[in-house]
Amino acid sequence: MASVFGGLLLAHPQVAQFDMPDRIVFLWIHESERTYGDRLVCESDILRFRAILQSTAKKAFPVVGTAHLWGDQATIPLCFSHFRDVATLDYPAYGLVEDINTLRNCFERVLRDYNEFHPAMDLVLFRDALLHVARITRTIFQPGGHILLVGVGGSGKQSLARLSTHICGHVLMRICITSSYGLGDFRLDLQSMFTRSGTKMEGVVFLCTDSQIINEKFLVYLNDLLASGSIPDLFSKDERDNLASMVEGRAKAADLPADTASCWEYFLTQVRANLHIAVCFSPVGPDFGTYAKRFPALISGTTIDWFQRWPDDALQSIAEKQLGSIEFKSPALRSAIEKFMPVSFEMATKAAVRYQREVDRFVYLTPKSYLEMLALYRTLLLRRREENKTATMRLENGISRLREAASAVGTLGLELTAMVQAADEKREHSEAIAARVASEKMIVERETDKANGEAAKVAKIQGEVQRQNEDAERDLLAAEPAIRAATAALDTLDRRDLGSCKTMATPPSGVEDVFSAVCVLLAGIIPAIAAQRNGKVKKEGRSWDACKKSLLGNINGLVDKLKQFKALIDKECVPKINFKEVRPYLQMDHFNEDAMNKKNSAAAGLVKWVENIVRYYDIWLDVEPKRIKVVESTRQLETANSELAVVCERVNILQAQLRQLTSEFEQAENVKREAVDIAEKGQLKLELAQRLINALGSEEVRWVKSVERFRFERDPLVGDALVAASFISFLPEYYVFSRQFRKPKRDLHY
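Residues numbered from 1 in each chain as written. Predicted model: local features only at pLDDT ≥ 70, side-chain atom pairs only at ≥ 80, totals over all residues. Heavy atoms only, no water.

A. Summary view of the packing of aromatic side chains. Scanning all chains against the criterion turns up 15 aromatic pairs. Judged by centre distance (5.7 Å) and plane angle (40°), the ring pair of phenylalanine 281 and phenylalanine 288 falls under tilted. Accessibility assignment for this pair places phenylalanine 281 and phenylalanine 288 in one class, buried. Linked through ring pairs, Tyr181, Phe186, Phe206, Phe218 and Tyr221 together constitute an aromatic cluster. The cationic tip of arginine 385 hangs over the ring face of phenylalanine 328; the distance from NZ or CZ to the ring centre is 5.9 Å. Positioned above the aromatic ring of phenylalanine 710 is the side chain of arginine 709, whose terminal nitrogen or guanidinium carbon lies 4.8 Å from the ring centre. (Phe/Tyr/Trp six-rings, centres within 6.5 Å; stacked < 30°, edge-to-face > 60°. Buried < 20%, exposed > 50% of the residue type's maximum accessible area, 1.4 Å probe, protein only. Lys NZ or Arg CZ within 6 Å of the ring centre and 35° of its normal.)

B. Just the nonpolar core, in detail. Grouped together as the largest cluster of nonpolar side chains are 63 residues, with contacts concentrated most on Phe107, Leu163, Met341, Tyr370 and Tyr377. Residues in contact with leucine 163, not counting those within four places in the same chain, are Val110, Leu111, Met121, Leu123, Leu125 and Val133. In terms of nonpolar packing, the next biggest core, distinct from the first, is built from 44 residues, Leu521, Leu522, Ile525 and Ile526 among them. (Core = buried A, V, L, I, M, F, W, Y, C linked by side-chain atoms within 4.5 Å. Contact = heavy atoms within 4.5 Å.)

C. Inspection of the pattern of salt bridges at higher detail. This model, assessed by the stated rule, comprises 15 salt bridges. The closest approach of N and O atoms between glutamate 202 and arginine 196, which form a salt bridge, is 2.6 Å. Looking at glutamate 202, the relative accessible area reads 26%, which means it is partly exposed. According to the relative accessible area criterion, arginine 196 is partly exposed, its value standing at 29%. Here glutamate 713 and arginine 709 are joined by a salt bridge, their closest N and O atoms 3.4 Å apart. (Salt bridge = Lys/Arg side-chain N within 4 Å of Asp/Glu carboxyl O.)

D. Expanded view of a nonpolar patch on the surface. Residues Met1, Phe5 and Tyr36 make up a contiguous nonpolar surface patch of about 350 Å² in total accessible area. Structurally, phenylalanine 5 is set in helix α1 (residues 2-8). With a relative accessible area of 49%, phenylalanine 5 lands in the partly exposed category. (Patch = residues over 30% accessible without salt bridge, like charges linked within 9 Å, V, L, I, M, F, W, Y side chains within 5 Å. Areas by Shrake-Rupley, 256 points an atom, 1.4 Å probe, with all protein chains shown as cover. Helix = DSSP H or I, 4+ residues; strand = E, 2+ residues; numbered from the N terminus.)

E. Geometry of unusual backbone geometry. One non-glycine residue, methionine 201, lies in the positive phi region at around 60°. For methionine 201, the position within the fold is in the loop between α8 (183-199) and β5 (204-209). Unlike most non-glycine residues, aspartate 233 shows phi in positive territory, near 60°. Examined against the element boundaries, aspartate 233 turns out to sit in the loop between α9 (217-228) and α10 (237-246).

F. Representation of the packing of α10 against helix α12 (residues 260-274) within the structure. Running from amino to carboxyl end, α10 crosses α12 at an angle of 80°, the nearest separation of the two axes being 8 Å. Accordingly, the angle class assigned to the pair α10 and α12 is roughly perpendicular. Contacts between α10 and α12 involve Arg240, Asp241, Leu243 and Ala244 on the former and, on the latter, Thr260, Cys263, Trp264 and Phe267. The class makeup of the residues in the contact of α10 with α12 is five nonpolar, one polar and two charged. (Axes fitted to C-alpha atoms, helices over the stretch in contact; angles between N-to-C directions. Parallel < 35°, antiparallel > 145°, perpendicular 65-115°, else oblique. Nonpolar A, V, L, I, M, F, W, Y, C, P; charged D, E, K, R; others polar.)

G. Molecular detail of the sheet that holds strand β6 (residues 275-281). One open sheet accounts for five strands, arranged β4-β5-β6-β3-β7; its pairing is parallel. Because the sheet does not close on itself, it has two edges, and the strands there are β4 (171-173) and β7 (303-306). Mean inter-strand twist for the sheet, computed between neighbouring axes without regard to direction, equals 20°. Lying over the sheet, helix α7 (residues 157-168) contacts β3 (147-150), β4, β5 and β6, oriented at roughly 175° with respect to β5. Running at roughly 130° to β6, α9 makes contact with β5 and β6 of the sheet. (Pairing = 2+ DSSP bridges.)

H. Just the packing of helix α6 (residues 127-140) against α7, in detail. The contact between α6 and α7 brings their axes to 9 Å, and the two run at 55°. By the angle class used here, α6 and α7 are oblique. Pair α6 / α7 crosses with right-handed handedness. Between α6, through Ala129, His132, Val133, Ile136, Thr137 and Ile140, and α7, the contact on the second element is made entirely by Leu160, Ala161, Leu163, Ser164, Thr165, Ile167 and Cys168. Of the residues that constitute the contact of α6 with α7, the class distribution is nine nonpolar, four polar and no charged. (Left-handed = near helix turned anticlockwise from the far one by under 90°.)

I. Inspection of the side chain of serine 155 at higher detail. Within the secondary structure layout, serine 155 lies in the loop between β3 and α7. You can call serine 155 buried: its relative accessible area is 4%. At 2.7 Å, the side chain of serine 155 forms a polar contact with the backbone oxygen of valine 152. Residue contacts for serine 155: discarding those within four places in its chain leaves Phe307, Trp310 and Pro367. (Polar contact = N/O pair within 3.5 Å; in protein donor to acceptor, adjacent residues only side chain to side chain.)

J. Expanded view of the confidence of the model for the chain. On average, residues of the chain score 79 in pLDDT, and 86% of them are at 70 or above. Below pLDDT 50 for its whole length, residues 733-737 participates in 16 contacts with residues either more than four positions away or in separate chains. (pLDDT = per-residue confidence, 0-100.)

As structure tokens, this is what we get:
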């Protein structure tokens, strides 16, 4: 009784139009049927309950007409829903559904919106489906409302539950069963649902099916939740304290104490209001009955919605949608096929009931079987039509090819003659170019041999020049120590020591000889040194006073000339007489570095420089003939390279001409080859066409008859596929029937 009045209180007087007496009577009838009638199982009990309800309504409200709500006189189903049209989607209000088509348009709009953001559901919203959605949304909108959906597989329980959740704007949550999923994972999922519905104040619908009950302890938690709205020991103490702190602000706003116990009770209140359970069970097998006995809250704590057998109009609506994309010969044929579908399913269902009654064995024909039959019919019909079309097109193509070959044989001979003539002309052109290529190739080879000879000659000269250069460089490397020693001697010279020598009136013994030797070497280099026409320095020019005047007059200039002396030797700027005149000094006993170190450091450095520069000059004289020879060989190499360049340039020109001719020859050869190939293919095509016409001439008549037969068989494919799909879908069930149960199906004429 409380459930009936709870349903009455869902309606608003203005929306439900309580000013009209019949509306509140209709609401009472509707809520009574939801409370009592939905719990009945068999159809006979439902009919009996409706008869009692009709009788009671007639006695209690004699002035209100209710005859149009029952039996054959029912025009529209009695349904109250929060959603009745598009306007109520944003502002739901519980009221009477006055137009079932308006309700269908409303739910179809929501279905399209759902399919845009979720995996698409291909649903046909027939009348019973609309009523189921209205019942599920009615339960979800009630605080603490839970629903038990009972029906065989394929009846639409889960799909309609998803759609209803989306209509109500709630969050749908499910568990994902894996090989490792256990009780601990189930507790975590429940904790997540509790947290979301209790702290975020979101409407949550937990959709659970009997196939997901892999552990009966799952039902222990669900039973506690359905019975009391909470699950003992689901959260630890720390977790409860944390959740209580999360809702503390809202609890204070609701004028509740801020202690943990009050906040936790407030949290559970929000969970009871926002968390809804939708349990889907199949009545097939003993599990449902067993669970109902062991866990009574599944029955007492839920609103039950039985998914009964689909009515004929539902079956026809589904057939119309599933077969809508198939092309039929006429609208009348389409209508007959669509009407046959529910008839065959109804006959199979009646035979199953009779079989259970007489043999006491169950055979289940579910909506899924009907959907599979429709899908199988589509597949069979489309495949057979495609096979028929393919076979017809293949034969038509064969006939067309035969006729084309017959008409083309007459002209193919003339075309082949022209092809052969063109191929001969292109062959002659190609052979002429080949002769020119051979002639040019001989010239190129001859000039190439000449160039190779010149290259060998150049390589020989180049090797000789390289050897002579290496020999000269090796001899010059032997003079490097002397040059380094001479340079080191110059580095030891101190300009102040040289300046002190300038002040000497009479130098120590031997020092004058050193400066005289330097004057001899620098004769012709330093203009201040007086020399004769033959380059010799006079005796007076070698005196101490003359040396001081010519050498020490500009000490910096003297040092620079000494450092540049090696370069002057290399450039042949030093007179040879200088080295001849200086050699007597080198024979003197005191003309050495050790002797001069004891007398004058500047003289010691000059002695060392003179000794090493003369030694370098001697080596340089040995290398000079070799350098002259290298210069001559280099000149010969340049001449040979010039001659080789001329020959190579001519060879390159000839090779370019040869490549051009070769390219022309290849093009001509390709053109010739293509012409020959075309002629050969034409000859082959002519022979094959003649053989085909001779061999398959008689086949054309048979192929024409086969095409006519395939075209004739195309129309009956509609009925052949229909019979095949019907028997394939229901034969596994009928296979267990005896002959008297199969005979009506076989003798069906429709």
